[in-house]
Each structure stands twice: as C-alpha cells, then as structure tokens.
Amino acid sequence: MVGRPMVHLSAAKQASGEAVYCDDIPHYENELYLTLVTSTKAHAKIISVDSTEAQKVPGFVCFVSAKDVPGSNITGMKNDETIFAEDTVTCVGHIIGGVVADTQEHSRRAARVVKIMYEELTPIVTIEEAIEKESFFDLVRKIEKGNIHKGFEEADHIVEGEIHIGGQEHFYLETHCTIAVPKGEDGEMELFVSTQNAAVTQDFTAKAVGVPSNRIVVRVKRMGGGFGGKETRSTIVSTAVAVAAVKTGCPVRCMLDRDEDMLISGGRHPFWGQYKVGFKKNGRITGLEVSYYSNGGNSVDLSYGVMDRALFHMDNTYNIPNIKGIGKVCKTNLSANTAFRGFGGPQGMMVAECWMSDIALKCGLPAEEVRKLNLYNEGDLTHFNQKLEGFTLRRCWEECLVNSDYHSRRKLIDEFNQQNRWKKRGMAIIPTKFGISFTVPFLNQAGALVHVYTDGSVLVTHGGTEMGQGLHTKMIQVASRTLGIPTSKIHISETSTNTVPNASPTAASVSADINGMAVSNACQTILKRLEPIKCANPTGSWEDWVSAAYQDCVSLSATGFYRIPDLGYDFEKNEGKAFHYFSYGVACSEVEIDCLTGDHKNLRTDIVMDVGTSLNPAIDIGQIEGAFVQGLGLFTLEELRYSPEGNLYTRGPGMYKLPAFGDIPSEFHVSLLRDCPNSKAIYSSKAVGEPPLFLSASVFYAIKDAIFSARMESGLNQPFRLDSPATPERIRNACVDVFTKLCPSAEPGTFKPWSVRA
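In short, a report on the structure. All of these numbers come straight from a predicted model, not from anything done at the bench.

Time to look at the overall build of the protein. Scanning the protein from N- to C-terminus turns up 20 helices and 28 strands. A globule of 758 residues ought to have a C-alpha radius of gyration of about 27 Å, and the protein, at 27 Å, matches this closely. Judged by the C-alpha coordinates and their principal axes, the protein covers about 80 × 75 × 50 Å. Out of the 758 residues in the protein, the part that is buried amounts to 61%. Across the protein, contacts joining residues at least 24 apart in sequence account for 81% of those joining residues at least 6 apart. Of the side chains in the protein, 76 bear a positive and 88 a negative charge, and the two mean positions are spaced by 3 Å.

Set out below in structure tokens:
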C-alpha cells in the first residue's frame, strides 16, 4: 500500500464524531476536576493567596499549590520553571495553584473566587523593551562564513532594513487536556494526555510526584491537532493534574478553556530581523549581515532550538558567499513561547525574502529573475557548510513557472494595475529549502514494537503520536509493505510509554522517517524468523505461517529501532552535518488588494513540492494545503495583541482572526514533483509536515508587490517596510496616498498605546 492515496484511518470516525479524544474518555466513579488559578499580573511578587471563599463553593475538595508537590516543584526543559509559582509570577497566566472540586462547574466557580494579593513589578513585554533593558537568555548564537567586509566592499549597492514577524497561536481544535489516575500502590499512576511528547510528560510527572519513571504510564490515543504546541507545553497542565491526583488519591481531569489555553501555553516566537545586504547591479548578492531577536517569554523552553533553526535558514535557498548571522533570545514577561510548525525556519526565511525583495526593487529588476540568479546549485555548500545533494529546487522552480503561467499572467497584472487606481494586483514566486532532522542530534532516534497474534492480525506500536497528520496511517502502510500483508490485518491502538520507552517527540517533520524505519526494522526481524517456515510451506498463507511459527515456539513479537546516522553540527567551528537531507518547494501566488480599505483577496496559488516518493499522496497533499493555509494566517491574518502591561487581549476567535474558507485561494493547485526518490528515508519518501508552511510567504510578497504598484501612483519607487502579518491596517497605510497624508500616525513615545505587539 506504500505510495497509494489511502484514506486516513480515522477520517470517518473524525467526521462522524466517533473518534475518542482525551476528554471523551468516560468519567471514573470518584473522578475530580481541576481548574487552574493563574496570575493576572505580568510581573509581581505574590503577597498572599486566600482560598477561603472558594471553600464555600459546593463540591470544593481542596486547593493545590507549590507546598503540595510531593517531589520537585522545579520543571521546564532547562529547569527554569515551576509547576506552581511560589514567590513571584513572571507572566499573566503563570500558574499559581488549582482548585479541585467534584465537577467542572464547581471547580471553575471556586477558582474564580480565590483572592491573590500582589506587589507589582515592572514588566518587559516587547522585543524592543528587552533590547533596551538588555534582558536576554544566556545563549547567543552565531554562524559566519566568508569575509563579510570583503562582501560589502565588492558590492555596487548596500541596503539596510528590518522586519518584525508577529507570533502565532496554535489554535489546535482540542485544547490541552490531561486525566491522571493514581493506581493506589507503589506510586503508580496512569495519565491520558493530549501531548506530542509522552516521554517528557512521563519524566516531568515522575519528578513532580517523586517516583521513578517506571511507575508512570502516559497514554496518547490521538490529539485534535498539535502543531508543536503540545511538544513541551502540555506538561504545565499534566504535572499540575498529577500533583492534584496524588494529593486527593482520586482520578483528576483538566481540560483548558480556549481563553485559558491561549493565555497559558505560549505560541510561535515573534521575531525582529535587522539586515544589511550587499549586491551587484545585476542583483547578485556579495554579502549579508543579519541580526535576529526572538521573544522567548518567561522561560527558555525550546527557544534556543528555534533560534538555531532560524540561523540555519537565514539563506533560504540563496547562495551567499559572505554571510554573518547572530541570534539572541529576549527574556520577557509573557508566557514562554514554544515550538510551532516550522520551528524558527519560517521566521529566518521571511527575513531572507524581505531583503531579496529590497534587492529587486533597488536594481529595478523583476523579482523572479533576481531570485533565480541567486539560487543554489547541486553540490553547493550552505552557509553552515553542508553539501546540497539531490538538489531538486531548480526543477520545482521551472515547473512552478510553467504551471502558474507566470509570465503571461504578469503582463495581465501590469495591464490591470494601469487601468485601476484603487484596486491593485500583485504576484510573487517564492522558493523554500527546509532542513530535515532534530537539530539536537540524540533526538533523531525511534523505537517500535510489533506483535503478531495467532490469528494473523498484527498490532503495531511506535514512538510517534497521531495528531491528525496521518502518521499512524503511514506506519500501517509501511508495515503492510514490509510484511507483505493487507493493511486490514494491521492495527495501531495508541502511543504509550510502557510499550516504546524514551520516544522522541512527534516533531521536526521526521516522525514518518524515523518511526517508519523502526517499524520496518521490527517487521524485518519477524520476517527473518518466519523464513524457515515459509520455505517449508511456500504456498501457505500468512495465517498458516503464523500458526506454524507459534506451534514451533517461534517468537512473534519484535522491537525495532532506528537512528539517523552521522548527524552533529559545531557552531564554534561551523562544521558538521546539521541535517539529514532537505525538502524543497516553490509557490506562486496572485492577490488583489483594495487600496482604500486594505482588504485583500487570494486569487490563485500554484505549489510544486518535492516530497520524494510519497508514502501517501492524498495525505501529503493535505499536509501541503494545511501548512500553506496555516502560514497564510501567520503572514496575513493572525495578530496577537497585548496591553502595555503584558495582558493578552486576543484570547479567542472573536479577537484573533483565523483563516476561513474565504481566505483559501480561489484557485489552488498543488502538485508533487515526479521522479525524485530520496535515498535517505523510508521507501524513498520525504518529510512533509513543516516544509510547505513558508510557501505562504508568496501571498505576503504578492501583497507587497501590489502595494508597490499603488505607491508608484504616488511617485514612490524605493524599497519600503511591511511587517508581518500584512493586516488590512498595514496594507492600507503602506498604500501611501492623499488620504493617508491627511491622518498621519502619531510619533512613538508621544502617547501610551492601547496595545503592543510582542
């Protein structure tokens, strides 16, 4: 079944509502409910916490706080967080405690009347404030190659600029949810969690409740979306729930409301990129210097890894002989920002396309010509000295130009813009190159466990989790191909820490690669054991061979394991292999903007994506479309707004604009590049989860192209700044005309804004 467009195994169950998610699990007889009590101040000392009023609410059981933690209250990826705040809160939404009651309603009512007294301290909210006050986390990353001074000396032109890229809320359909069930002996506990990272959930829970990891079992059936938001931040809920379960001795459940989830769990890192780029008259780049600042929030979490990937992708797909990039993570009083599909890559590449668009405008050349001129070639070295092998990007580029009918449509757009003053169209073609691997080498490993039962049915377990992306479907296809049996005989029930231990998180787009190899490895072990039996009965059926193996006392269970070989990069020496391989893609988008309102329509998008030899074309095309629309939200719609005091205003879909049906391009064509097998992954496939997301930048730069046409009408023909997301306000104000001059923006510093961007 590998390579077939097999339907997602849970599709019918999800469409009909039969699919069981964490909160759908039936309630236990003595189950209690936890509601978190969180800070309303961004930075303050806790003077007192009074739960007297809460105790009067019917069904109240207890209030849990730091003093109730039986193990360690210290948690977080860098041990710089607490399960419950003790003396100080460092963001709005910082968990101080929790109310346990007999029902969800009673628990929430009681939590609302817990009184907390604070002594307020000055918060740091934005990247600009953090830079001004020098509030950074310790690690400063740098990648340098060539001679940057020589690069600028050789240049005919030098352009300097900056761009701010806003954060993004994950907005998975299922919010964070945990059910913790204490077993009553030896400190054992079972947790049902909506998480991408069962192993870290197990580890953090064990430390919190003071038992070894072998007493904790974490089980994940499926998630209603993850996107990176459940890679580490799910632990802030699961550890608190586990502590409550230990204190009460009863099963405890907690599922966050949408506004709680948006407030507490962090999102994509906002980035501020400053650049200086030198280039020849023909657009050929000679030197580039970039500084990245990200808003990490109140703890490190995965911010260092996100910054690493931003620096690895600061070239996007362009060969830059002399390059220097520096990355700093700002420490602020916001909820810790975390992994989000792309993991810093889109932010790094967005800055690259910003200076690339400036180069085209400065040279007065078509943007697609300047981009093509600077593309890498097969065998080139990246700025982190990795050789590009199997470089299919130029094929994707040429195919996208043809599929989109680029040049003839460009002429039609120019004609449209000459005939219309207040409506303008724009088009952009944008490439992407995305490195595949965890940038932390030891995470590039996976395990699997395969059982064959005497009736011939097969149960597969692997370390990856299912969050709607179709991983389990692909793993069943892999097992089917390896064992040579129909997919109907194979089942995956769930992911759990007692079947596959120490699993890496389902992240970095590598899950099908590494878990697929592990599943295949386990299946091959079983096949080797069956070989003598098959030789003795070559005309027998699968069931015959399995039955004979059982009667001959041959083991029908096997573990599988895989690690990606030869990975490891040294930032100090700028050498080593950062990625196993790269995924490539190109998108061309056309938009129409209304110069008077700033509204825009996505008219057409053509995508060509290299996914190797696809394991499942239907799922892969779905991933490409989904990633593109999520990126559309990031670059044109979704904007997180905070009060100057650090309070999140945008806490639900009423204030936070998500992509809707009308935002999907009216014409949307996705094609997979043919005849490009990838020798480095299972059955010649390629990763597909994160790489397509950045292609939606083609919409952003199409908007910028349309705005440039509007500015030309006002006599402005120089590069201009457009921050992301390209909201109607930004589009409208960038279309400088007689009306914008009538209402100039107030100078920063002359007023207190109602809201700020992080």
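The rest of the description comes next.
So, on to the side chain of Ser335. Within the fold, Ser335 resides in the loop between strand 17 (323-331) and helix 10 (345-363). Here Ser335 falls in the buried class, since its relative accessible area comes to 10%. There is a polar contact of 2.7 Å between the side chain of Ser335 and the backbone oxygen of Leu263. Here the side chain of Ser335 touches Ile264 through a polar contact of 3.5 Å, landing on its backbone oxygen. The residues contacting Ser335, other than those within four sequence positions of it, are Cys91, Val92, Leu263, Ile264, Gly266, Gly297 and Asn298.

Time to look at the pattern of salt bridges. Following the criterion strictly, the structure yields 37 salt bridges and no others. The partner of Lys150 in a salt bridge is Glu154, and the shortest N-O contact between them spans 3.3 Å. Residue classification places Glu154 among the partly exposed residues on the basis of a relative accessible area of 32%. Linking Asp203 and Lys207 is a salt bridge whose minimum nitrogen-to-oxygen distance equals 3.4 Å.

Attention now moves to the pairing of strand 27 (residues 600-610). With 9 of 11 residues buried, strand 27 lies mostly within the body of the structure. Pairing between strand 26 (residues 581-594) and strand 27: 10 bridges, direction antiparallel. Bridged to Glu590 within strand 27 is Arg604. The antiparallel hairpin formed by strand 26 and strand 27 contains 5 residues in its connecting segment, where Gly598 sits at a positive phi of about 85 degrees. This β-α-β element, strand 27 to helix 17 (residues 617-637) to strand 28 (residues 667-672), shows right-handed connectivity.

So, on to the layout of surface pockets. What the second largest pocket holds in volume is close to 1,600 Å³. Together, 37 residues line the second largest pocket, and Arg641, Arg730, Phe751, Ser755 and Arg757 are the ones closest to its centre. Where the lining of the second largest pocket is concerned, the elements lending two or more residues are helix 4 (127-132) and helix 19 (728-734). Examining the composition of the lining of the second largest pocket, we find that 5 residues originate from one element, helix 19, more than from any other. Tallied by class, the residues present in the lining of the second largest pocket amount to 16 nonpolar, 8 polar and 13 charged.

This part is about empty space enclosed by the protein. Where empty space is left becomes clear once a probe the size of a water molecule has been rolled over the atoms. Here the structure, examined in full by the defined rule, presents 6 cavities of 30 Å³ or more. Along its surface, the largest cavity is lined by 14 residues, and Met262, Leu263, Ser335, Tyr642 and Leu648 are the ones closest to its centre. Along the lines of polarity and charge, the residues of the lining of the largest cavity split into 7 nonpolar, 6 polar and 1 charged.

Attention now moves to the sheet that holds strand 10 (residues 157-165). On the basis of which strands lie adjacent, the open sheet formed by 5 strands has the order 9-17-16-15-10 and mixed pairing. The sheet terminates laterally at strand 9 (136-145) and strand 10, the two strands that pair on one side only. On average, each strand axis in the sheet is inclined to that of its neighbour by 10 degrees, with strand direction left out of account. Along the sheet, helix 10 makes contact with strand 10, strand 15 (271-279) and strand 16 (285-297), crossing strand 15 at roughly 40 degrees.

So, on to the side chain of Glu690. Along the chain, the position of Glu690 falls in the loop between strand 28 and helix 18 (697-713). Arg309 provides the closest opposite charge to the buried, salt-bridge-free Glu690, at an N-O distance of 5.6 Å. At 2.8 Å, the side chain of Glu690 forms a polar contact with the backbone nitrogen of Gly342. Ignoring anything within four residues of it in the chain, the contact list for Glu690 reads Arg341, Gly342, Phe343, Phe434, Ala508 and Ser509.

As a further point, take the nonpolar core. Ranked by size, the top nonpolar core spans 148 residues in total, and within it Met350, Trp355, Val458, Trp542, Tyr701 and Ile707 carry the most contacts. Look past the residues within four positions of Val458 in its chain and what remains in contact with it is Val450, His451, Val452, Leu483, Ile485, Lys489, Ile490, His491 and Trp542. Core analysis: the second largest hydrophobic core is formed by 38 residues, Leu32, Val100, Val220 and Val252 among them.

Glancing now at the environment of Arg258. Note that Arg258 resides in helix 8 (residues 258-264). Every residue in contact with Arg258, bar those within four places of it in the chain, is listed here: Phe171, Tyr172, Leu173, Thr175 and Arg651.

The geometry of helix 15 (residues 511-536) relative to helix 16 (residues 542-551) is characterised by a closest axis approach of 10 Å and an angle of 110 degrees between their N-to-C directions. The pairing of helix 15 with helix 16 is recorded here as roughly perpendicular in orientation. Crossing angle aside, the handedness with which helix 15 passes helix 16 is right-handed. Side by side, helix 15 and helix 16 meet where Leu530, Ile533 and Lys534 of the first sit next to Trp542, Trp545, Ala548 and Ala549 of the second. By residue class, the composition of the contact of helix 15 with helix 16 is 6 nonpolar, no polar and 1 charged.

What follows covers the sheet that holds strand 8 (residues 115-120). With antiparallel pairing, 3 strands are arranged side by side in an open sheet as 6-2-8. Strands at the two margins of the open sheet, each flanked by one partner only, are strand 6 (88-89) and strand 8. As judged from the 6 bridges shared by strand 2 (residues 44-50) and strand 8, these two strands associate in the antiparallel manner. Looking across to strand 8, one finds that Ile46 is bridged to Tyr118.

Rules behind the numbers
The residue numbers shown here count from 1 along each chain, following its written sequence. Per-residue local features of the predicted model are confined to residues with pLDDT of at least 70, and side-chain atom pairs are confined, for both listing and counting, to 80 or more; whole-chain, interface and lining totals are unaffected and use all residues. Neither water nor hydrogens contribute to the side-chain values; these are computed over all heavy atoms in the structure. Think of it this way: any DSSP run of H or I at least four residues long counts as a helix, any run of E at least two long counts as a strand, and we number them from the N terminus. For a compact globule the rule gives 2.2 Å times the number of residues to the power 0.38, and the radius of gyration it is set against comes from C-alpha atoms. Categorising residues by exposure relies on relative accessible area from a 1.4 Å probe, with only protein chains included: less than 20% of the type maximum marks a residue as buried, more than 50% marks it as exposed, and the intermediate range marks it as partly exposed. The criterion used for residue contact is that any of the two residues' heavy atoms lie within 4.5 Å. Within this scheme the basic residues Lys and Arg register as positive and the acidic residues Asp and Glu register as negative, but His and the chain ends are omitted. In plain terms, the charge of a residue is placed at NZ if it is Lys, CZ if Arg, CG if Asp and CD if Glu. For the purposes of these results, a polar contact is taken to be a pair of N or O atoms within 3.5 Å, where, inside protein, one atom must be able to donate a hydrogen and its partner to accept one; residues adjacent in sequence count only when each atom of the pair is a side-chain atom. One speaks of a salt bridge when a side-chain nitrogen belonging to Lys or Arg is within 4 Å of a carboxyl oxygen belonging to Asp or Glu. The pairing criterion is simple: DSSP has to find at least two bridges between the two strands. Place the viewer so that the strands point away; then a crossover is right-handed whenever the path from the first strand over the helix to the second strand goes clockwise. With a 1 Å grid spanning the protein atoms alone, the term cavity applies to any set of points in which a 1.4 Å probe fits but cannot get out, the term pocket to an open set with protein on both sides within 12 Å along at least five of seven lines, and the term lining residue to any residue with an atom within 4 Å of a point. Grid points are joined across faces, edges and corners, and a volume is the space filled by probe spheres set on the points. Gly is placed with the polar residues, together with every amino acid not listed as nonpolar (Ala, Val, Leu, Ile, Met, Phe, Trp, Tyr, Cys and Pro) or charged (Asp, Glu, Lys and Arg). Axis definition: a line fitted to C-alpha atoms, limited for helices to the stretch in contact. Angles are taken between N-to-C directions and run from 0 to 180 degrees. Buried Ala, Val, Leu, Ile, Met, Phe, Trp, Tyr and Cys residues form a nonpolar core when they are joined through side-chain atoms within 4.5 Å. Roughly parallel means an angle under 35 degrees; roughly antiparallel, over 145; roughly perpendicular, 65 to 115; everything else is oblique. Each crossing gets its hand from how the near helix is turned against the far one by less than a right angle, where anticlockwise is left-handed and clockwise is right-handed.

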